[in-house]
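Structural characterization, general
Each chain, letter by letter, is given below.
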Amino acid sequence: MAALAGHGVTGKTIRIADHDVRPGVETDMGDGDAWPGIRETILAADILVLSTPIWLGHASSVAQRVLERLDAEISETDDEGRMLTYGKVAAVCVVGNEDGAHKVSADLFQGLNDCGFSLAPNAVTYWVGEAMQGTDYQDLEKTPEATAGTTRTLAANTAHLARQLKAATYPPSS
């Protein structure tokens, strides 16, 4: 968020694990499902940043649940046949103590793109510590320059693409 703020982007962080987001592929899975409110926030935003740890070489089950819930957007369209997520930009952040950041980002990129989000060049930033060690990203005294630089690039490209799509949306799908 700090890197995006440098490009005039404001927003909020929603930690999905803190909410009762039910499994499923509908926009609302019933009484008590927190997704409809979260979905409203996503649809009001120009940028979605999906962040996840690497667990057993994969994105977390919580990140997968977000993709599953976003799957409902495939059948939600505007009057011109475009998904409601068209014109929105997504980016990915990955952390963990094992290899697999490229695989995790590729999986998330494909799901986000299938659900209508656009991806800027270099729309991922990640940090992976030494495999099977106890150091976590949040415990680092300073963000490694390689990660900080990648994060700056992600922010610049993502904000730029979001501005471009806001100014000139995608053509009708029908």
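First, a word on scope: everything that follows refers to the structure included in this document.

Rules used throughout
- Residues numbered from 1 in each chain as written.
- Predicted model: local features only at pLDDT ≥ 70, side-chain atom pairs only at ≥ 80, totals over all residues.
- Heavy atoms only, no water.
- Salt bridge = Lys/Arg side-chain N within 4 Å of Asp/Glu carboxyl O.
- Buried < 20%, exposed > 50% of the residue type's maximum accessible area, 1.4 Å probe, protein only.
- Helix = DSSP H or I, 4+ residues; strand = E, 2+ residues; numbered from the N terminus.
- Polar contact = N/O pair within 3.5 Å; in protein donor to acceptor, adjacent residues only side chain to side chain.
- Contact = heavy atoms within 4.5 Å.

Another point: the pattern of salt bridges. If you walk through the whole model with that rule in mind, you get nine salt bridges. Notably, a salt bridge pairs R152 with E145, separated by 2.4 Å at the nearest N-O pair. We classify R152 as partly exposed; its relative accessible area is 45%. By relative accessible area, E145 is classed as exposed at 52%. Counted as one network, the salt bridges with shared partners bring together D78, E80 and R82.

A word on the side chain of T52. You can see T52 is positioned in strand 1 (residues 47-55). On the basis of relative accessibility, which here comes to 3%, the residue T52 falls in the buried class. A polar atom in the side chain of T52 sits 2.9 Å from the backbone nitrogen of S60. Those residues in contact with T52, other than ones at most four positions away along the chain, are A59, S60, A63, C93, V94, V95, V104 and L108.

Note that all results are geometric; they support no functional claim without further evidence.
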